[in-house]
Amino acid sequence: MRRQNSSPNTPTAIPAGYAFRLAWRQLSYQKVRFFTAVAGVVFACILVFMQIGFKTALFESATLLQRTMTGQIYLSDVQSEAIWRLVPFPRKTLYRALSVPDVQDVSAMYVGQAPWKNPVTGVNRTALILGIDPNVDVFPFEGLSEAAPKLRMRNVVLFDEFSRPEFGPVKQILAEKGEFPVEVAGRNLDVVGTYKMGITFSADGNLIVNDTTFFELFPAKSPQGVDVGIVKLAPGADIQQVQKELRDIMPVNIKVMTREEYVEDEKAYWNNITPIGYIFNFGVIMGLFVGLVIVYQVLYNDINNHMHEYATLKAMGYEDSYFVKVVLSSAVIFVVVGFFPSWLLCSALYKVVQASIFIEMNLSFEKALLTFCLISGMCFISALLAVRKLKVANPVDVFQ
Amino acid sequence: MMDFSSPPCLIEAENLSFHYGEGDLVQQVLKNVGLRVMSGEFIILAGPSGSGKSTLLSLIGALRPIQKGKLQVCQYDMGQSKASMHLIRRQIGYVFQQHNLLNFLTARQNVEMTLEMLGDDDEFSRKEKSLDMLDKVGLKKEANKYPPELSVGQRQRVAIARSLVHQPRLILADEPTASLDGKSGAQVVELLRDMVKTAGCGALVVTHDERIFHYADAILRIEDGVIYGEAREGGHNVGV
Ligand SMILES: Nc1ncnc2c1ncn2[C@@H]1O[C@H](COP(=O)(O)OP(=O)(O)OP(=O)(O)O)[C@@H](O)[C@H]1O
Ligand SMILES: [Mg+2]
């Protein structure tokens with residue numbers, strides 16, 4: 001149906017598509033300016049993508065152990081802050097957990113940091129050393145169950161293949177020469193196997209030893225002290241219920257945590273005690289702010305430079321809402337033209353970064369969605385700020 | 001009794017007064033102005049600078065709300081609701097002294113803006129009408145050029161095409177020839193006059209340019225906010 005030459009009593013809404021097309025023609029007319037603005041959006045996108053990527057990668061790496069441990073409930077001393085700053089609690093407190101009916105088994109984990117001497121260069125690097133009961137499945141790391149039987153021997157160590165290269169070509173030596181001696185905390189241990197874990201905030205490399213060997217490496221630590229207690233529940237047990245029962249029987253200085261709580265506890269340390277979370281959030285805000293200023297500048301100038309033209313169109317009968325649509329359309333164009341190439345670019349950048357920091361960088365759909373929302377919000381706010389300028393385009397001015 | 005044979009009245013102003021400023025700074029620009037413009041009439045409004053011509057035109061064009069008196073444009077009462085002002089504007093073809101074309105649109109796309117506003121959603125017909133209109137102002141060959149590629153006179157003619165492509169019932173023009181040389185000025189005025197005579201609309205043209213006075217059906221003079229009418233062929237007085 002044609003709506004042409006409508007009477008003044010039947011308002012005709014101008015389709016948003018026309019406003020969008022005008023915005024596109026306006027932006028694409030001045031290519032250099034357009035690409036400057038798009039570059040601003042791309043810059044903001046990349047900053048946001050990278051900061052979010054670093055932040056989640058670092059937090060995921062920081063909580064790697066917590067997320068992968070077996071067991072449903074974890075016990076630690078309230079003074080324990082993070083995996084590398086544990087305060088041990090008495091072993092008999094751990095065994096007290098066995099009195100709760102749905103608790104199937106408990107085991108202890110010991111954590112320490114000690115120098116590892118690179119078998120090729122002889123240079124020391126600090127490793128995170130986990131001491132576990134070799135008869136209990138504590139971690140489902142790839143390769144660990146195959147290597148675990150060898151862990152029952154004394155003075156042997158399992159090496160994390162994902163440790164930084166500064167730890168030496170352990171896997172290669174193992175394949176070529178078989179088991180070989182290394183120096184850990186000044187003592188000689190035999191490397192008998194490898195597994196795949198990944199580095200955390202706490203150290204650039206990881207080792208697993210049995211509990212006996214652990215206390216030989218750390219003579220200052222007492223076998224009566226447990227760093228982390230791992231509680232396994234009977235199948236079908238109500239985790240919250242058991243947690244409550246455990247809290248009732250545990251001393252006040254023991255934290256009784258579900259897996260989620262344990263992960264959050266570790267994250268909270270890095271987020272609150274260290275400025276890491278703040279630094280990355282600040283990076284995101286800076287990126288968005290710079291993008292906002294650039295997009296605002298371009299949108300504002302487009303309005304400012306066309307005051308008389310817009311006023312003339314208003315005098316012809318165009319409404320304010322049409323120009324609002326034009327400005328918002330420009331913002332949408334910036335989002336689309338800026339975001340999607342940045343997404344592609346950052347998928348590649350994530351891989352480059354991953355290869356150099358040895359921490360998994362995963363550009364998930366959620367991260368893309370989050371970035372998209374932040375960038376859209378940024379462009380939308382720029383548009384809203386710029387739209388205020390439209391009010392000044394007054395049709396009477398064209399008569400002066 | 002109503003006289004159905006007489007042409008419809010496009011502008012009817014009675015006791016129209018307008019002032020700028022408030023209190024001590026108040027400046028009375030229009031004083032009890034009366035004015036009638038009928039379909040088929042080409043009226044020129046002339047007067048010294050600062051006499052209130054543009055102000056009067058801006059009131060008729062629904063660019064500002066009226067303050068005192070009565071004003072009907074195309075049978076719509078003005079100054080009542082602000083919301084309907086843009087709808088009255090759509091009934092009118094404005095020709096401004098400055099062309100104010102969008103530089104990033106071609107001549108044809110600029111002309112099409114008017115049709116898009118009115119909801120003509122047939123792209124082909126919009127194109128046809130725009131080219132027709134550009135042909136009338138002698139710019140068919142320039143249809144795909146951008147304003148910066150056109151001369152000032154050509155731009156002004158594109159702006160006129162934009163104002164008239166929807167065949168408005170009323171044409172308002174504020175010094176349309178001021179930026180043009182004598183020849184293109186005459187072309188523009190001839191075009192406006194042709195529109196009035198063939199399409200049966202009305203036109204009120206503000207000008208200082210005495211060279212175009214002879215095109216008018218009547219010439220109104222405004223001085224210090226007061227209109228002095230001039231008798232014309234139809235016998236009735238446009239300035240009341
Ligand atoms: N927006 C405004 N605010 C205050 N005073 C104004 C405004 N616009 C016009 N005036 C004053 O009103 C008077 C009439 O102005 P107007 O523009 O209507 O004159 P004009 O007849 O169109 O003059 P010109 O031939 O120079 O265009 C002038 O004295 C002018 O200074
Ligand atoms: Mg004027």
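Residues numbered from 1 in each chain as written. Chains lettered and ligands numbered in written order. Predicted model: local features only at pLDDT ≥ 70, side-chain atom pairs only at ≥ 80, totals over all residues. Heavy atoms only, no water.

Enquirer: Even after reading the chapter, I still don't get the overall build of chain A, so can you show me in this structure?
Expert: If you tally the helices and strands in chain A, you get 13 helices and eleven strands. Each principal axis of the C-alpha distribution contributes one length, and for chain A these read about 95 × 55 × 40 Å. Here chain A, with 400 residues, has 51% of them falling under the buried criterion. Relative to all contacts within chain A whose residues are 6 or more apart in sequence, the contacts with residues 24 or more apart total 78%. For chain A, the computed accessible surface area is about 18,100 Å², with 60% contributed by carbon and sulfur atoms. A distance of 9 Å separates the average location of the 36 positive side-chain charges in chain A from that of its 35 negative side-chain charges. (Helix = DSSP H or I, 4+ residues; strand = E, 2+ residues; numbered from the N terminus. Buried < 20%, exposed > 50% of the residue type's maximum accessible area, 1.4 Å probe, protein only. Contact = heavy atoms within 4.5 Å. Areas by Shrake-Rupley, 256 points an atom, 1.4 Å probe, with all protein chains shown as cover. Lys, Arg positive; Asp, Glu negative; His and termini not counted. Charge placed at Lys NZ, Arg CZ, Asp CG, Glu CD.)

Enquirer: Explain the interface of chain A and chain B to me, please; I cannot follow it from the model alone.
Expert: Accessible area lost upon the coming together of the parts is a frequently used measure of interface size. Facing the 36 residues of chain A at the interface are 38 residues of chain B. Between chain A and chain B, the buried area comes to about 3,700 Å², and carbon and sulfur atoms account for 57% of it. Joining chain A to chain B, the criterion identifies two salt bridges. Note that Arg21(A) and Glu116(B) form a salt bridge whose closest N and O atoms lie 2.1 Å from each other. Counting the contacts that link chain A with chain B gives eight residue pairs in polar contact (both at pLDDT 80 or more). The set of elements that each furnish at least two residues to the side of chain A that touches chain B consists of α1 (16–29) and α11 (307–316) of chain A. It is α11(A) that provides the largest number of residues to the side of chain A that touches chain B, a total of eight residues. Tallied by class, residues from the side of chain A that touches chain B come to 17 nonpolar, twelve polar and seven charged. (Buried area = accessible area lost by both parts, 1.4 Å probe. Salt bridge = Lys/Arg side-chain N within 4 Å of Asp/Glu carboxyl O. Polar contact = N/O pair within 3.5 Å; in protein donor to acceptor, adjacent residues only side chain to side chain. Nonpolar A, V, L, I, M, F, W, Y, C, P; charged D, E, K, R; others polar.)

Enquirer: Teacher, can you tell me more about the sheet that holds strand β5 (residues 76–77) of chain B here?
Expert: In sheet architecture, strand pairing relies on hydrogen bonds along the backbone and comes in two forms, parallel and antiparallel. Residue and element names in this part refer to chain B. On the basis of which strands lie adjacent, the open sheet formed by four strands has the order β2-β1-β4-β5 and antiparallel pairing. Looking along the sheet, the strands with just one partner apiece sit at the ends: β2 (27–38) and β5. Alignment of strand β4 (residues 68–73) against β5, held across two bridges, turns out to be antiparallel. Across the sheet, residue Gln72 finds its bridge partner in β5, namely Asp77. On the sheet, helix α1 (residues 53–60) packs against β1 (9–20), β2 and β4 and is oriented at approximately 60° with respect to β2. (Pairing = 2+ DSSP bridges. Axes fitted to C-alpha atoms, helices over the stretch in contact; angles between N-to-C directions.)

Enquirer: Explanation requested: unusual backbone geometry in the structure shown.
Expert: Excluding glycine, residues mostly have negative phi values, and the peptide bonds linking residues are mostly trans. All names here are of chain B. Its identity is not glycine, yet Asn15 carries a phi of approximately 50°, on the positive side. Inspection of the secondary structure puts Asn15 in strand β1. Unusually for a residue other than glycine, Gln75 sits at a positive phi of about 70°. Summarising the element assignment, Gln75 is placed in the loop between β4 and β5.

Taken by themselves, the reported measurements are silent on function.
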